[in-house]
Amino acid sequence: MSIHEDENLLLMSIYGKYQGLLRRIAKALNVPDIELDDVVQETFISYFQNYSLTWTDARKKSMLIKILKSKAIDCLRRNGHYEKVSLDEEDAVSEMPGFVVTDPLDVILGEEALLKIASGIFSMREEWRELAILYFLEQRTIPEICEKLKIPGTVCRSRIYRTRVCLKKILGPSFDIR
């Protein structure tokens, strides 16, 4: 096989893997049905022209979604779907919807990070595992953890520090464990 054939196979596999996801996200971003295919195609073209085809799946997915979001915004601006609102007006806050739309990229990356953190926690020593689940996954406070595990606060903080160091070793420097 030539280099171009290998590249074409890689392009086709990336397109096949992510085009359904990108179409659903574009639909959720209110891209009109008539523009949907164009926005997704423009996303792939931009990715293929500017970014590496050999990135990890998570990195490819996040970059494709970032590109898609900007392409969707461009499409909506072209079609006049955005209404300009000044926050200086008194009624501006009341006109804003009462709900928050979660960024799909944040959801995907959050789920992947959570899975990596969970697998790291379950590979820890038994005495740290329960504390790590309570602190990192359930996000309980130190007093709640102390009460549940029946340990003093200094011991709890010390174990949290040790589990944080252990998780950084397991997950690598790219994860920020707070």
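Here the residue numbers are simple positions, counted from 1 along each chain's written sequence. Thresholds applied to this predicted model are a pLDDT of at least 70 for local features of residues and 80 or more for the giving and counting of side-chain atom pairs; totals over whole chains, interfaces and linings are not thresholded and use all residues. To get the side-chain values, all heavy atoms of the structure are used, and hydrogens and water are removed first.

Visitor: I'd like a rundown of unusual backbone geometry, residues and numbers included.
Guide: Located in the positive-phi region is Asn 30, a residue other than glycine, with phi close to 70 degrees. Along the polypeptide, Asn 30 turns up in the loop between helix 1 (3–28) and helix 2 (33–50). Burial classification: accessible surface area is computed with a 1.4 Å probe over protein chains only, and a residue below 20% of its type maximum counts as buried, one above 50% as exposed, and the rest as partly exposed. Looking at Asn 30, the relative accessible area reads 57%, which means it is exposed. A positive phi angle is found at Lys 150, which is not glycine, with a value near 55 degrees. Each helix is a run of H or I in the DSSP string that is no shorter than four residues. Each strand is a run of E no shorter than two, and both are numbered from the N terminus. Mapping Lys 150 onto the fold places it in the loop between helix 7 (142–149) and helix 8 (153–171).

Visitor: With reference to specific residues and values, describe the pattern of salt bridges.
Guide: By convention in these notes, a salt bridge is any Lys or Arg side-chain nitrogen within 4 Å of a carboxyl oxygen on Asp or Glu. This model, assessed by the stated rule, comprises five salt bridges. Between Arg 129 and Glu 126 there is a salt bridge, with the nearest N and O atoms lying 2.9 Å from each other. Of this pair, Arg 129 and Glu 126 are both found in helix 6 (residues 126–137), three residues apart, which corresponds to roughly one turn of the helix. Linked by salt bridges that have partners in common, Lys 17, Asp 57 and Lys 60 make up one network.

Visitor: Tell me about the packing of aromatic side chains, and name the residues and values.
Guide: Pairing of aromatic side chains here covers Phe, Tyr and the six-membered ring of Trp, requires ring centres within 6.5 Å, and sorts the geometry by plane angle: under 30 degrees stacked, over 60 edge-to-face, intermediate tilted. Overall, the coordinates contain six aromatic pairs when judged by the stated rule. Measuring from ring centre to ring centre gives 6.0 Å for Tyr 47 and Phe 48, while their planes differ by 70 degrees; the resulting arrangement is edge-to-face. Ring geometry for Tyr 47 versus Trp 55: centroids 6.1 Å apart, planes at 75 degrees, classification edge-to-face. Pairwise contacts between aromatic rings join Tyr 15, Phe 44, Tyr 47, Phe 48, Tyr 51 and Trp 55 into one cluster. The lysine or arginine in question, Arg 59, covers the ring of Trp 55, its NZ or CZ lying 4.0 Å from the ring centre. Placement of a charge over a ring requires the Lys NZ or Arg CZ to be within 6 Å of the ring centre, with the centre-to-atom vector within 35 degrees of the ring normal. We note Arg 125 situated over the ring of Trp 128; from NZ or CZ to the ring centre the distance is 4.5 Å.

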